[in-house]
Amino acid sequence: SAAETATNSSAALLRALRELRRVDGILQGCSAFWANMDGTVQKLAQMKDVTERLVGYASSSHRLRERFEQRLGEYGAFWASLERLCRQYGLDHQAAASKMQDFVREVSDVADLLDTAQSARQGAVAARSDRRRHTVGGHSGGYGVEV
């Protein structure tokens, strides 16, 4: 029925709206990640500069050599942290993208189903109408419509 189709269509649209809001949240998270990444890259560049300067002085003093080793350790730890962050981002993005693809496919399938049901209903109505036109002329005696 038309009411059932409208109800199904409304439900699908509401679910699509909820999912789009969820996608918006995911994209905002991605945006925040990349905005934060800019600061991270700048910090890495600063650390690199300090480390390069320390390398030049490290051979001249034991104290400077210790300081260099400390900074090098911090630099390595920062890169390791960045690697973990990027790996997690990749995993989260992959999972979110997969869910979005599944949802888009599901909405598309529902839309196809609704379109098919509507077309079938219209075809059935047209077939009944054609049968009535043919039946009225052939069986009831003088009220026929010529085909």
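Everything that follows concerns the structure shown earlier in this document.
Below or above, wherever it landed, is the structure these notes cover.

## Here's the deal with the packing of aromatic side chains
Next up, step 1: For the structure shown, the criterion picks out 4 aromatic pairs.
Next up, step 2: Here F33 and Y89 contribute two aromatic rings whose centre-to-centre distance is 3.9 Å and whose plane-to-plane angle is 10°, an arrangement assigned as stacked. With F33 in helix α1 (residues 2-58) and Y89 in helix α2 (residues 62-139), this pair connects stretches of sequence that are 56 residues apart. We note that F33, like Y89, is buried.
Next up, step 3: Ring pairs connect the aromatic residues F33, W34 and Y89, which therefore count as one cluster.

## Some thoughts on the pattern of salt bridges
Next up, step 1: Overall, the coordinates contain 6 salt bridges when judged by the stated rule.
Next up, step 2: Ionic pairing is found between E106 and R15, a salt bridge with its closest N-O pair at 2.1 Å. Taken together, the residues span a long stretch of sequence, with E106 in helix α2 and R15 in helix α1 at a distance of 91 residues.
Next up, step 3: Given a relative accessible area of 34%, E106 falls into the partly exposed group.
Next up, step 4: For R22, the salt bridge is made with E19, and the minimal N-O distance between the two is 3.0 Å. With a gap of 3 residues between them, R22 and E19 both fall in helix α1, about one helical turn apart.

Scoring rules and cut-offs
- Residues numbered from 1 in each chain as written.
- Predicted model: local features only at pLDDT ≥ 70, side-chain atom pairs only at ≥ 80, totals over all residues.
- Heavy atoms only, no water.
- Phe/Tyr/Trp six-rings, centres within 6.5 Å; stacked < 30°, edge-to-face > 60°.
- Helix = DSSP H or I, 4+ residues; strand = E, 2+ residues; numbered from the N terminus.
- Buried < 20%, exposed > 50% of the residue type's maximum accessible area, 1.4 Å probe, protein only.
- Salt bridge = Lys/Arg side-chain N within 4 Å of Asp/Glu carboxyl O.

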